[in-house]
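Below are the chains, spelled out letter by letter.
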Amino acid sequence: MAALTLWWMLHAWRTPETLAGTSFGAADGRCGLNFSLLVPARHEQEVLEHTVKRLLESSHTAYEIIVVVGHDDPLTAQVAARLAEQAPGRVRVITDTHVVKNKPKALNTALPYCRGEVVGVFDAEDQVHPELLRHVDHAFRASGAAVVQGGVQLINFHSSWYSLRNCLEYFFWFRSRLHLHARQGFIPLGGNTVFVRTEVLRAAGGWDQNCLAEDCDLGVRLSSQGAKVVVAYDSSMVTREETPDTLYSLLRQRTRWNQGFLQVYRKKDWQQLPSLRQRLLARWTLTTPFLQAFSGVVIPIDLALALTVKLPVSVALFSFVPAVPALATFAFEAVALHDFGVQYGLRVRPAHYVKLIAGGPLYQVVLAGAALRAVWREHRGQRGWELTRHVGAHLG
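Residue numbers here run from 1 along each chain, matching the order of that chain's written sequence. Where totals are concerned, whole chains, interfaces and linings use all residues; where local detail is concerned, this predicted model gives features only for residues with pLDDT of at least 70, and gives and counts side-chain atom pairs only at 80 or more. To get the side-chain values, all heavy atoms of the structure are used, and hydrogens and water are removed first.

S.K.: Tell me about a nonpolar patch on the surface, and name the residues and values.
M.R.: Exposure above 30% relative accessible area and no salt bridge define the residues that can form patches, which grow by joining like charges within 9 Å and nonpolar side chains of Val, Leu, Ile, Met, Phe, Trp and Tyr within 5 Å. Using the Shrake-Rupley algorithm and a 1.4 Å probe, accessible areas are obtained, with residue cover drawn only from the displayed protein chains. A side-chain nitrogen of Lys or Arg and a carboxyl oxygen of Asp or Glu constitute a salt bridge if their distance falls within 4 Å. On the surface, Val297, Ile301, Leu305, Val309, Leu311, Val315 and Leu372 cluster together into a nonpolar patch covering about 560 Å² of accessible area. The numbering of helices and of strands both runs from the N terminus, where a helix is a DSSP run of H or I of at least 4 residues and a strand a run of E of at least 2. Here the nonpolar patch takes three residues from helix H12 (residues 288-308), the largest share from any one element. With respect to the secondary-structure elements, Val297 resides in helix H12.

S.K.: With reference to specific residues and values, describe the packing of aromatic side chains.
M.R.: Only the six-membered ring of Trp is used, alongside the rings of Phe and Tyr, when aromatic pairs are assigned; centres must lie within 6.5 Å, and planes under 30 degrees apart are stacked while those over 60 apart are edge-to-face, with the rest tilted. Tallying each qualifying case throughout the model produces 17 aromatic pairs. Their ring planes at 35° and their centres at 6.4 Å tell us that Trp7 and Trp8 sit as a pair that is tilted. For every residue, the accessible area obtained with a 1.4 Å probe (protein chains only) is divided by the maximum for its type, and the residue is called buried under 20%, exposed over 50%, and partly exposed between those limits. We classify Trp7 as partly exposed; its relative accessible area is 37%. Plain terms: the ring middles of Trp13 and Phe172 are 6.0 Å apart, the flat faces sit at 75° to each other, and that makes the pair edge-to-face.

S.K.: Could you give me a rundown of the pattern of salt bridges, with the residues and numbers involved?
M.R.: Overall, the coordinates contain 18 salt bridges when judged by the stated rule. Ionic pairing is found between Arg141 and Asp137, a salt bridge with its closest N-O pair at 2.6 Å. Placement of both Arg141 and Asp137 in helix H6 (residues 132-143) is noted, with a separation of four residues, approximately one turn of the helix. By relative accessible area, which is 0% here, Asp137 ends up buried. One salt bridge connects Lys267 with Asp269, and the closest N-O pair in it is separated by 3.9 Å.

S.K.: I'd like a description of the nonpolar core, backed by residues and values.
M.R.: Generally speaking, a soluble globular protein has its nonpolar side chains buried in company with each other. One finds Leu38, Val147, Leu168, Trp207 and Phe340 to be the most contacted residues of the largest nonpolar core, which totals 47 residues. In terms of residues, this core owes the most to one element, helix H7 (residues 161-184), which gives eight residues. Any two residues whose heavy atoms approach within 4.5 Å are treated as being in contact. Excluding residues that lie within four positions of it along the chain, Leu168 makes contacts with Glu333, Ala336, Leu337, Phe340 and Leu356. What we call a nonpolar core is a set of buried Ala, Val, Leu, Ile, Met, Phe, Trp, Tyr and Cys residues that are connected through their side-chain atoms within 4.5 Å. If you look at the next biggest cluster of nonpolar residues, it comprises 34 residues, including Phe35, Leu48, Val79 and Ala87.

None of this, on its own, says anything about what the molecule does.
What follows is the structure in structure tokens.
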């Protein structure tokens, strides 16, 4: 797993040409497409206003913002209604009346009301760059793509030890790994800063409202149908977000994502991918939670055996082989942390490198715990949506 992880992490940096190819092309200044921007918000009254006002600063001239609120969430609904009054014709509010709420249900509720040629999705805490829509518009027209996935970056790396690792994780995912997936023709899409042609989205039936990773599921279904996906990352135009505010919140978030991946795997849409290489990549990607859960169980057993059982020297030496790619991964993470700081104008101190290395094993324990919890919840049929709370730590 460490070797494959390192391979994916290195993808964008393998050659200068690859690195350059992962960015947006120069926009031509035209506003050729109309956008419907969906912002599902639930108990997000603290961050929603900033997000919508930021979207209203867009330099693109043809877009609407549709805020989706729950019928049982009056505080968020009040903020949304006030924003609609302040920007009539630009901001609309749609009410989701489902008894049991989740993000895909909210998105599906709003889809019939979308007037734009392209549907974009943002989360209620997103900080979106004003030039993003112009570049996405150009990417659609220049490539003929059905989907454009933009970059998302957690930015408050200084908040806690796990925030630093969480930010770097996003850096690798959107900067490198998604580009590899798009190149291979199989991509688990992200949950926001993702844009889909409206006719393609409606033909696909929208989002799976029973899936806990509706973004991944949509990507798998569209990939299986041969939809062209373009991924672009530009540090000056990424959507900025915050990390979960507590370790328990991070655990719940990862549990939801992992459980969603398992659900997508069981739906078997990935089996419709045309090539064996794509199906193998899909199987590996979607079953990663199983592998992490397995690691979570095996690692303590291995440690106990190492401390209590006498092994031949050759076997003991061979057992250290997996440490080689793991150490190489740590080294590359340190280099990437420096690059992250440079790209985002953040001061990375020596203490951050210490946190990065020292926190690595503990972070893996948290991920393994989330994977085990996901498998356990899926086994018990517990599929309720565990909402991640946002406090605006990325807005400072």
